[in-house]
Structures are given as C-alpha cells and as structure tokens.
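Reading the structure
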Amino acid sequence: MPTPGAAAIPSDADWLDAAARLAMRGRPSSRPNPAVGAIIVRDGVIVGRGWTRPGGRPHAEAAALQQAGSAVRGADVFVTLEPCAHRSERGPACAELLADAAPARVIVGCGDPDPRTAGKGIARLRAAGIGVQLLDHTPSRDSLAGYLVQRRLGRPHVTLKLALSLDGRIALPDGSSRWITGEMARAHVHSRRALADAILVGGGTWRDDAPALDVRLSGLEDRSPRRLVLTRGEAPKGAQAISTPQDIADLKDTQYLYIEGGAGTAAAFLAADLVDRLDIYRAPILIGSGRPAIEDIGLGALDEAHGRWALVENCRLGSDGFEAYRRLREG
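Throughout what follows, the structure given in this document is the object of discussion. Here the structure is a predicted model, which means the values were calculated and not measured. (Residues numbered from 1 in each chain as written. Predicted model: local features only at pLDDT ≥ 70, side-chain atom pairs only at ≥ 80, totals over all residues. Heavy atoms only, no water.)

**Observations regarding the sheet that holds strand β3 (residues 76-79)**
The strand order β2-β1-β3-β4-β5 describes an open sheet built from 5 strands, whose pairing is mixed. A strand with exactly one partner marks an edge of an open sheet, and here the two such strands are β2 (45-51) and β5 (131-134). Direction aside, neighbouring strands of the sheet carry axes that sit 15° apart on average. Note: strand β1 (residues 37-42) against β3, 4 bridges, orientation antiparallel. Looking at the pairing, A38 lines up with V79 of β3. Along the sheet face, helix α2 (residues 60-68) touches β1, β2 and β3 and points at about 145° away from the line of β2. (Pairing = 2+ DSSP bridges. Helix = DSSP H or I, 4+ residues; strand = E, 2+ residues; numbered from the N terminus. Axes fitted to C-alpha atoms, helices over the stretch in contact; angles between N-to-C directions. Contact = heavy atoms within 4.5 Å.)

**Some remarks on the environment of L81**
Among the structural elements, L81 can be located in the loop between β3 and α3 (94-101). Considered as a pair, L81 and A271 are 190 residues apart in the sequence and their alpha carbons are 32 Å apart. Non-local contacts of L81, meaning those with residues more than four positions away in its chain, are made with P34, V36, E61, V108, C110, G111, D112, L144 and Y147.

**Details of the environment of G264**
Mapped onto the fold, G264 is located in helix α9 (residues 263-271). The exposure class of G264 is partly exposed, given its relative accessible area of 33%. (Buried < 20%, exposed > 50% of the residue type's maximum accessible area, 1.4 Å probe, protein only.)

**Overview of the packing of aromatic side chains**
Enumeration over the complete set of coordinates arrives at 2 aromatic pairs. For the ring pair Y281 and F322, a centre distance of 4.8 Å and an interplane angle of 45° mean the geometry is tilted. Of this pair, Y281 sits in strand β12 (residues 277-282) while F322 sits in strand β15 (residues 320-327); the two residues are 41 residues apart in sequence, bridging distant segments of the chain. Comparing Y281 with F322 shows no difference in burial state: the two are buried. The ring of W51 has R25 lying over it, and the distance from NZ or CZ to the ring centre is 4.9 Å. Sitting over the ring of Y256, R27 keeps its end group 3.6 Å from the ring centre. (Phe/Tyr/Trp six-rings, centres within 6.5 Å; stacked < 30°, edge-to-face > 60°. Lys NZ or Arg CZ within 6 Å of the ring centre and 35° of its normal.)

**What to know about the packing of α3 against helix α4 (residues 120-127)**
Contact pair α3 / α4: the axes reach a minimum separation of 9 Å and the direction vectors enclose 15°. Put simply, α3 runs roughly parallel to α4. In this structure, α3 crosses over α4, and the sense of that crossing is right-handed. The residues of α4 that touch α3, namely those facing A95, E96, L98 and A99, are G121, R124 and L125. Each residue belonging to the contact of α3 with α4 can be placed in one class, and the counts come to 4 nonpolar, 1 polar and 2 charged. (Parallel < 35°, antiparallel > 145°, perpendicular 65-115°, else oblique. Left-handed = near helix turned anticlockwise from the far one by under 90°. Nonpolar A, V, L, I, M, F, W, Y, C, P; charged D, E, K, R; others polar.)

These figures come from the coordinates and say nothing about function on their own.
Next up, the structure:
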C-alpha cells in the first residue's frame, strides 16, 4: 500500500491529461494545423514540453524536443496526436525527429486521421526500436475536436451558446436581454470566444443588437474571432455572410465555430444536426412570456430527442449555472 501522505505516481493517462491541457494554448492560433500538446518526462520529471505555435509551426513535439535536448534519450514522450509522418517545406516530420532523438517510449493520445500520417507515424517510431502505445484518451480527443470533426465531417466543430432564464427565455417580449446572466458568466463566454476561429449570429441579431462579438478579456483581445452572419442578404460591414448552415463547410482555416444566436439561427443549426457542443448558461430568474431560446427544430417525437447529448461540464459561475453537452455521434 502507498505510504500515507506520499504523492501518487502519475500514470500515462495523467501525463496525457497534462499534455491535453497544454495543447489548449495553441487553440485556435495553430490553424490550419491542429493544436497538439507534448510533454517529455524523465524519471518522473518534465524535461521538455511544447504546443503547436501560431500558424502551425513549430509542432508541439519539435518544441518539446528542443527544450529537452539530450535528456530525451531514454525518456517518455507523451503527445496528444500521432506524430506526423509527412515531410513539409515548413519543417521535418515529427516522427523522424522523435526517431532520431531515441526516447524509450512514445505514448499517443489519439491517432491521426490524415492519410499522410495515419498509422505511419507510429510505424516509423516502432521501426526505430521505440516503444509506442496508442491510447484511446478522451481528453486528447476533446482537445483535438475541431481537427477531428473537420477531417471526419468536412466542416468546423460547432458550439452553440445559449444564455437563458430558468424557463428557457433569452429576452423579454420586446427583445431586451441585457443582462440575463451575471458578470462572471459573461466573462466565461469571452473566454470561450477566445478559443474559436469564427463566431456567428443570425441576421436579425446583427441588425437588432449590433453585437461586437469580440473578446474583452485583458491580454486576450487579439484572440477575437472572425465574425460571420447567417443571412440571405448582403454581407454586413465587418462580417462575412453565409446563406445556410451547410455553408460552414466552405469556411477556410476554420476548425472551431462559436454560435451566439438568435433563436432562429440556433434552430437552423440544430435542425441540420450541425451542433457538436451546447454551452448553456442558466440564470436563476423567471421571465415568463419572453422570447424562447430556440425555435422549432422539426422534432417529430420525444423518442427522437433522447440519447443525443451527454453532459461533459457542469459548474457554478457566480449565481449562474453552466452546463456543456457533447453531441453523441456514431464512429
């Protein structure tokens, strides 16, 4: 039995958890590349760490290897995504760099669906005599959600944000909505905006509210996402227009899309089954006959509503509640 009070020895999954958190530093500025995290551990001590830098280079593994230097030989490398196996004009393949560095093990949180690498990165490492483990590591996959959805479904990962009352209203009957949630919840929304490549509202919300849709957190102002408007009319000044929810497949260099309203836009994306995550901020107030959070989504029977969403986050933000749900999909 462990000695009382002694620190637990981190498992491989624990180190990958840390690498997944580190990867978030690269989101979304790593575009068009995925935001990857890498940690190099020798005798239980971190000797190198890295994450994908703005524009996609250097890769996480390259940054961690540079920091670790010769200490990587015989060490363990934890990386959220399979090391790339294809060479680029912008830099060498990470699988080659790791093979030359000769760590004892490389533990991978998620295989790479890119056909240029899929399985080849791991094969290159094993051919070099390096022990490789590929784990089905949920935090790694979650940290790569935008990249994986883009590869699998050919579109950005979509988060729909809803700020509502206990009775599901987002505004008074006249449209007044400032403010339903408190300051802490609104700051949290800005932190979520900072993780998105683009942010979208409907044409009605744009015309009625003239939202800034920027990030107003100290030190993160430069992370304001690109602004999009769902409208069949002309693009408004300062934003790009898309005509239908399906048009998000044409967005270039966009892995993460954040949607803020209104009710018609929310319904359009939900009806098209294009929402991957729901961020729900719930204030402890009742509004009554106000404006609903979502319009009709074409649900034919209650059975169709069940088994589609799983709770992944739940916390308090001052007096408000926050819940995040992931869309359950096969494969």
